[in-house]
Amino acid sequence: MKSILRLIAASLLVGAPVFIAPAHAYSLIGDTITASGNAMTAGDATIGAGVEFTGLIDFLDFDFGANTLTISSNRYLLAWGGASTAVFSGFDQPITSFALVSNNGFAADFLTNYSFTASTITLDMSTGSVLGGNGSTAVFAFNGVAPIPEPETYAMMLAGLGLLGVMARRRNQKIKA
């Protein structure tokens, strides 16, 4: 009986991280998203392959990371007004927050004039100017809901615990015989 209790305790210790830790951290690497808007070079790109999109006549680079969007100027840029927007859509996982975390050299309205939904990020550059020198960068961070473990994960864990129980029972029967 003591060996069964020890076996159960050991299996609970081994299986506990499945219930405590999330299955995966939120990450967009590998997602294919779409860029649109008149400030963008429209198209699809897979996140994680370097600079995914360019905009404002190739003056801006848009590089998505696991949970960041880095906008950088690859030369001196001055754009004033006009109906300029950059829209990114098609995210596989819902976005729950999106905010500017750093700015190095940009004086641009898109730094404060942006919006997001669960599957779309919109940068609005239509109300003012975009000014940046070569090497200016702005970094936005976003978070979302990490995926939950699949039911198969729990089924595998329960099957493993069941096999441990069967092994303990057979071992106990051998000892009694």
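So, how was this worked out
Residues numbered from 1 in each chain as written. Predicted model: local features only at pLDDT ≥ 70, side-chain atom pairs only at ≥ 80, totals over all residues. Heavy atoms only, no water. Pairing = 2+ DSSP bridges. Helix = DSSP H or I, 4+ residues; strand = E, 2+ residues; numbered from the N terminus. Axes fitted to C-alpha atoms, helices over the stretch in contact; angles between N-to-C directions.

On to the sheet that holds strand β4 (residues 60–64), then. Reading across the sheet, the five strands line up as β3-β4-β5-β13-β8 and stay open at both edges, with antiparallel pairing between neighbours. Of all strands in the sheet, those bounded by a partner on one side alone are β3 (53–55) and β8 (95–104). Taken over all neighbouring pairs, the strand axes of this sheet differ in orientation by 20 degrees on average, direction set aside. As paired strands, β4 and strand β5 (residues 68–73) are joined by five bridges and run antiparallel to one another. In the strand pairing of β5, Phe-64 is matched with Leu-69.

Take the sheet that holds strand β7 (residues 85–89) next. Think of a sheet as strands paired side by side through backbone hydrogen bonds, with each pair either parallel or antiparallel. Across the sheet, five strands lie side by side as β2-β1-β7-β11-β10; this open sheet has antiparallel pairing. At either margin of the open sheet sits one strand with a lone partner, and together these are β2 (43–46) and β10 (114–116). Each adjacent strand pair in this sheet contributes to an overall mean axis angle of 20 degrees, direction not counted. The pairing of strand β1 (residues 32–36) with β7 spans three bridges and is antiparallel. Its bridge partner lying in β7, Ala-35 is registered against Phe-88.

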